[in-house]
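# Structural overview for review
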Amino acid sequence: MTPVAWLFAACTAIWGSTWLVITYQLGAVAPEVSVVWRFFLAAVALGVFCALTGRSLRFSRREHAMLVLQGTLMFCLNYILIYWSEQHIVSGLAAVAFSTITFMSVFAQRVMFGTPVTARALTGALLGVGGVVVLFYPEIAASQGDRETALGMAMAVAGTLFAALGNMVAARLQQRNLAIVPTTAWAMLYGALAAAVVAAAFDARWTFDFREPYVLSLLYLTIFGTVVAFVCYLTLMRTIGMARASYVGVTTPVVALLLSAAFEGYRFTVFTIIGIALAIAGNLIVLRRKAALA
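In this report, we go over the structure that sits alongside the text. (Residues numbered from 1 in each chain as written. Predicted model: local features only at pLDDT ≥ 70, side-chain atom pairs only at ≥ 80, totals over all residues. Heavy atoms only, no water.)

### Remarks on the packing of aromatic side chains
Stated formally: In summary, the pairing rule links any two rings of Phe, Tyr or Trp, Trp by its six-membered ring, whose centres are within 6.5 Å, and it sorts them by plane angle into stacked for under 30 degrees, edge-to-face for over 60 and tilted for everything else. Numbering of helices and strands runs from the N terminus, with a helix taken as a DSSP run of H or I at least four residues long and a strand as a DSSP run of E at least two residues long. Categorising residues by exposure relies on relative accessible area from a 1.4 Å probe, with only protein chains included: less than 20% of the type maximum marks a residue as buried, more than 50% marks it as exposed, and the intermediate range marks it as partly exposed.
For the structure on display, the rule yields 14 aromatic pairs. Here the aromatic rings of phenylalanine 75 and phenylalanine 230 are separated by 4.8 Å at their centres, their planes lie at 85°, and the arrangement is edge-to-face. Taken together, the residues phenylalanine 75 in helix H3 (residues 61–85) and phenylalanine 230 in helix H10 (residues 212–240) connect sequence positions 155 residues apart. Each member of the pair, phenylalanine 75 as well as phenylalanine 230, carries the same accessibility label: buried. Of the aromatic side chains, those joined through ring pairs into one cluster are Trp15, Phe39, Phe75, Tyr79, Phe230 and Tyr233.

The structure is reproduced here in structure tokens:
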């Protein structure tokens, strides 16, 4: 496998597993507070790593302002809205909403860098999102088109939009050739602080669940789901571009269902097989080199 393939596989595998792990975070602790714990711990871990390896954490005021914006969009608003959305809709609908980040990133890259919106990119994104829709069709069909569903979908789409905007800010920072690990440490710290402001604004209870499932899931989400996955993702974005890297949002639900089948008794249906096939087809179109396609 090429380095790009390894990075893509790592992001897909880790974030695909977080769908299952996040279920152990919901309940006793308010979602926005869990987001604070997760990204604060991740920022501390990355900061310690930078100190031990001699990586500079110094940036200009302008760069810090951009890092505040990236953290607020990518590590605060994105996650809080997705967590909130799953209190109103089934996970399948949230997955469909988040998979639209592929379309958002294609057009965002056009706005930022003038990258042409090619038929190849749109076809791959369409197949991928279509695959996610088919994959979760039973859940979608079972949900009712009431006010709760509309509210949950609005939150999920808004969270996805904030994630895409966060990617745009990260891409701007990468244009300055700034080191990924130190910038990510600062952005996550600012994201945690922004989430704390949101928690205070909504009068959330500042609690912590010391039971084993919550603690272990928090450690996994912090180390793998946040530190490792985001460093891999931002490296991938720098390597192949924002639009192609965002396709991780389509492949992670596939891994999530495979894990659900292994640990939660999920049974494969014809929708599962067709959905996975479409997602893989879109994956090949988006990630393969043009020369290989020719």
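Back to the write-up after that little detour.
### A closer look at empty space enclosed by the protein
Let me state the cut-off plainly: A pocket here means an open set of points on a 1 Å grid, computed over the protein atoms alone, that has protein on both sides within 12 Å along at least five of seven lines. A cavity is instead a set of points where a 1.4 Å probe fits but cannot get out; residues with an atom within 4 Å of a point line either one. Grid points are joined across faces, edges and corners, and a volume is the space filled by probe spheres set on the points. Ten residues, namely Ala, Val, Leu, Ile, Met, Phe, Trp, Tyr, Cys and Pro, are considered nonpolar, four, namely Asp, Glu, Lys and Arg, are considered charged, and the remaining ones, Gly among them, are considered polar.
A complete count under the given rule lists 1 cavity of 30 Å³ or more for this structure. What the largest cavity holds in volume is close to 70 Å³. For the largest cavity, the full set of lining residues is Gln70, Ala170, Leu173, Gln174, Leu178, Ile180, Thr183, Thr184, Leu234 and Arg238. Elements with a minimum of two residues in the lining of the largest cavity: helix H8 (147–175), helix H9 (180–201) and H10. Considered class by class, the residues forming the lining of the largest cavity number 5 nonpolar, 4 polar and 1 charged.

### Describing a nonpolar patch on the surface
Convention followed: A residue counts toward a patch only above 30% relative accessible area and without a salt bridge, and it is joined to like-charged neighbours within 9 Å or, for Val, Leu, Ile, Met, Phe, Trp and Tyr, to nonpolar neighbours within 5 Å. For accessible areas, the Shrake-Rupley method is used with a probe of radius 1.4 Å. Any residue's cover is judged against the shown protein chains and nothing else. Any carboxyl oxygen of Asp or Glu that lies within 4 Å of a side-chain nitrogen of Lys or Arg is treated as forming a salt bridge with it.
On the surface, Phe40, Leu41, Val44, Val48 and Leu52 cluster together to form a nonpolar patch covering roughly 460 Å² of accessible area. As for its placement among the helices and strands, valine 48 is situated in helix H2 (residues 31–53).

### Points about the layout of surface pockets
Its volume calculated, the largest pocket comes out at about 750 Å³. If you tally residues by element for the lining of the largest pocket, the top one is helix H12 (residues 248–263), at 7 residues. Here the residues of the lining of the largest pocket are counted per class, giving 22 nonpolar, 9 polar and 4 charged.

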